[in-house]
Amino acid sequence: MMNTKQLTAKIVIMDDEFFVRQTLVSMLANIPNAMVVGEAEDVGSGIELILEKEPDLILLDIKMPVRSGFDLLEELTHCQQQYGLIFVSGYPDEALTAVQKAAPYFHSDFVVKPIDPVILQTKFSIFYNKWQAAKEQESELAGLLETGIPQIAYKSDQLVFQNSQLFHCIDIDDILYCESANRQINVYCSQYEHINIPNTTLDAIERMLPADAFIRIGKSHILNKSAIRFIQKGNRPKCILARNGKSYEVQLYASNVEKVEQSYSITRK
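Residues numbered from 1 in each chain as written. Predicted model: local features only at pLDDT ≥ 70, side-chain atom pairs only at ≥ 80, totals over all residues. Heavy atoms only, no water.

Draft legend 1. The arrangement of the sheet that holds strand S15 (residues 238-243) in detail. Strand order in the open sheet made by the three strands is S14-S15-S16, with antiparallel pairing throughout. In this open sheet, the two strands that pair with only one neighbour each are strand S14 (228-232) and strand S16 (246-251). Direction aside, the axes of adjacent strands within the sheet are offset by 20° on average. In this structure, S14 lies alongside S15, joined through four bridges in antiparallel fashion. Its bridge partner being in S15, isoleucine 231 is matched across the sheet by cysteine 239. (Pairing = 2+ DSSP bridges. Helix = DSSP H or I, 4+ residues; strand = E, 2+ residues; numbered from the N terminus. Axes fitted to C-alpha atoms, helices over the stretch in contact; angles between N-to-C directions.)

Given below as structure tokens:
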């Protein structure tokens, strides 16, 4: 089992007030296993920061200019719901609404401004213990896969997997992309809406898929190179994958746009 005692949770802070951001940075610097990897003052820059840094925890203000923290939640994709959220707000009456809107996410909590450093540390500890337990579970699963007890295999150009309820074969050529979410893998194909593969990791899937046909993007996605139809650059880069009349949109990390673009170009030569 991996030793998770020394793991550090990466944190992104989103608040339109500079003083609040600096206060949070200062307080978190005194909390073991907490590391701030970026700050944002609005939803637009916040989304870019989240895509780039892939934090474990987001400290999120609710009332911000133009778009609110709730608007941010609506823009985050399903796979990004693995993040933990702690709302930091001066409006305690919004706590219930905030927690309800964040229900699909890995973890959610609420801290009232002005921020009490003791309360912040307590809230972080609650998140951290839950996050650490999830990491330990992922490590145990990865260990099982490494020791030869997988529930998924690659055979004759197919991914074959099973659990207590089903046995399924997926044609490799039919896969548009794979996504890691909520400790399972979602496989999006042209013949199905999507297929959930339990008890495995994206690393295990990556090892089974042909490296010349698929490309790994960050920690959450593997794309079928030949399914890429369109790449949009700009503030929120993304690509469109399509096959047999079915298409999907996947957000890209800014640092990976060139990698995907090169793959797209090579595939079409």
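Draft legend 2. Seen up close, the nonpolar core. Phe87, Leu223 and Leu241 are the most contacted members of the largest nonpolar core, which totals 40 residues. For this core, the leading source of residues is helix H2 (residues 43-53), giving five residues. Counting residues in hydrophobic clusters, the runner-up holds 22 residues, among them Ile11, Ile31, Phe106 and Tyr128. (Core = buried A, V, L, I, M, F, W, Y, C linked by side-chain atoms within 4.5 Å. Buried < 20%, exposed > 50% of the residue type's maximum accessible area, 1.4 Å probe, protein only.)

Draft legend 3. Summary view of the environment of serine 247. Topologically, serine 247 is positioned in strand S16. Overall, the relative accessible area of 47% leaves serine 247 in the partly exposed class. Each C-alpha atom of the pair serine 247 and cysteine 189 lies 9.2 Å from the other, and the pair is 58 residues apart in sequence.

Draft legend 4. Fine view of H2. Within H2, the full set of buried residues consists of Val43, Gly46, Ile47, Leu49, Ile50 and Leu51. Looking at the buried residues of H2, the elements they touch are strand S1 (9-14), strand S2 (34-40), strand S3 (57-60), helix H3 (69-75) and S16. Sitting at the head of H2, aspartate 42 places a side-chain oxygen 3.4 Å from the backbone nitrogen of glycine 44. Directly after H2, the chain includes glutamate 54, whose backbone phi takes a positive value near 45°. (Contact = heavy atoms within 4.5 Å. Polar contact = N/O pair within 3.5 Å; in protein donor to acceptor, adjacent residues only side chain to side chain.)

Draft legend 5. A look at the state of the cysteines. Per the stated rule, a full pass over the model turns up zero disulfides. You can see cysteine 189 has no disulfide; the closest cysteine sulfur is in cysteine 178, sitting 7.6 Å from it. Note on cysteine 189: relative accessible area 0%, which makes it buried. (Disulfide = S-S within 2.5 Å.)

Draft legend 6. View of the packing of aromatic side chains. Under the definition given, this model contains ten aromatic pairs. On the numbers, 5.0 Å between centres and 70° between planes, the contact of tyrosine 188 with tyrosine 248 is edge-to-face. Of this pair, tyrosine 188 sits in strand S10 (residues 184-189) while tyrosine 248 sits in strand S16, and the two are 60 residues apart along the sequence. Accessibility classification places tyrosine 188 together with tyrosine 248 in one group, the buried group. Through a chain of ring-to-ring contacts, three or more aromatic side chains come together here, namely Phe106, Phe124, Phe127, Tyr128 and Trp131. Geometry around phenylalanine 106 places lysine 130 over its ring, the cationic atom sitting 5.1 Å from the centre. (Phe/Tyr/Trp six-rings, centres within 6.5 Å; stacked < 30°, edge-to-face > 60°. Lys NZ or Arg CZ within 6 Å of the ring centre and 35° of its normal.)

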